[in-house]
Amino acid sequence: MIKAASVQFNHSPGNKEENLKIIRQFCSEAAEQGVEILVFPEMCITGYWHVRNLEKEEIELLSEPVPTGSSTQAIKELSSNFNMIIGAGLIEMSEDGKLYNSYVVALPNGEVHCHRKLHTFINLHMDSGDSYTVFDTHLGYKVGVLICYDNNLIENVRVTALKGADILLAPHQTGGCESGSPHGMKRIDPQLWENRKEDPKAIEEALSGPNGRGWLMRWLPSRAHDNGLFIIFSNGVGLDDNEIRTGNAMVIDPYGRILAETWSPDNTMVLADLDMD
């Protein structure tokens, strides 16, 4: 058995230190519960949706090199201190000055792996990655990474599985998006988020409805089922600039069964035991 956890949280746009503070808190909580793999959302260190409106120079100020940047080093230190595989998303600046939506995964032995989103469209000043990410771990199983829309395309998950991935980390910032598809997800009224304390039922229904969990259930479990791997789905939750991220942190087994999930609007974590036999 491998104990895995997925975190959803409402990040602070552009405030890396505040977001890392939340990450540290969840790492401590996860360690107390014996978690071995901990997954945080896409670009949760830098913030996500506000980046679409930034100029290149502003994105560069948010970015950092991987693995030498301060945020990656912080994740690396947490991984070592808690003896836990930890993944989190940020903006990477490569040696040649290109900007990427990247996801760093630190292993307790000091290794750091980085996946660059294959299909980046948040800002025209950011480039897309050109390779798949699968690596060995001290747990004896291979881990792969695909970021948000990377997972929507069947072929990306299939290639990751063919490269040997047993567990797929799937960090997102999704739900409540204005999809171009006539039958895709649509925006959620921000007022539901603002009134979440007074009317928790309304926001929970929105997060679990057709623009949140309902959308995910149309395709995400099949990625696990059709490729014979576990998926640890992490997502932002709450107001992200002018859209509502729907959370729904979950863990899915190779049969497409949901082992753990939430539709809470809070910053929270779900845990599941991955039966690798």
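Quick caveat, the model's predicted, so the values are computed rather than measured. (Residues numbered from 1 in each chain as written. Predicted model: local features only at pLDDT ≥ 70, side-chain atom pairs only at ≥ 80, totals over all residues. Heavy atoms only, no water.)

1. Considering the environment of Ile188
And then number 1: Looking at the element boundaries, Ile188 is found in the loop between β8 (167-171) and α5 (190-194).
And then number 2: Sequence separation of Ile188 and Asn242 is 54 residues, and the distance between their C-alpha atoms is 9.7 Å.
And then number 3: Contacts of Ile188, omitting those with residues within four sequence positions, involve Gly176, Ala206, Asn211, Ile244 and Thr246. (Helix = DSSP H or I, 4+ residues; strand = E, 2+ residues; numbered from the N terminus. Contact = heavy atoms within 4.5 Å.)

2. Some words on the packing of helix α4 (residues 154-162) against helix α8 (residues 220-227)
And then number 1: Taken N-terminus to C-terminus, the directions of α4 and α8 make an angle of 35°; their axes are 10 Å apart at the nearest point. As for how α4 packs across α8, the hand of that crossing is right-handed. Contacts between α4 and α8 involve Ile154, Val157, Arg158 and Ala161 on the former and, on the latter, Arg223, Asp226 and Asn227. (Axes fitted to C-alpha atoms, helices over the stretch in contact; angles between N-to-C directions. Left-handed = near helix turned anticlockwise from the far one by under 90°.)

3. What about the side chain of Ser102?
And then number 1: If you trace the backbone, Ser102 turns up in strand β4 (residues 99-106).
And then number 2: For Ser102, the contacting residues outside a window of four places in its chain are Ala88, Gly89, Leu90, Glu92, Cys114, His115, Arg116 and Ile147.

4. A word on helix α6 (residues 200-208)
And then number 1: Within α6 the residues assigned to the buried category are Ala202, Ile203, Ala206 and Leu207. Here the buried residues of α6 occupy an arc of 130° about the axis, which is enough to place them on one side. (Buried < 20%, exposed > 50% of the residue type's maximum accessible area, 1.4 Å probe, protein only. Arc of directions from axis to C-beta.)

Shape is all these values report; function is a separate question.
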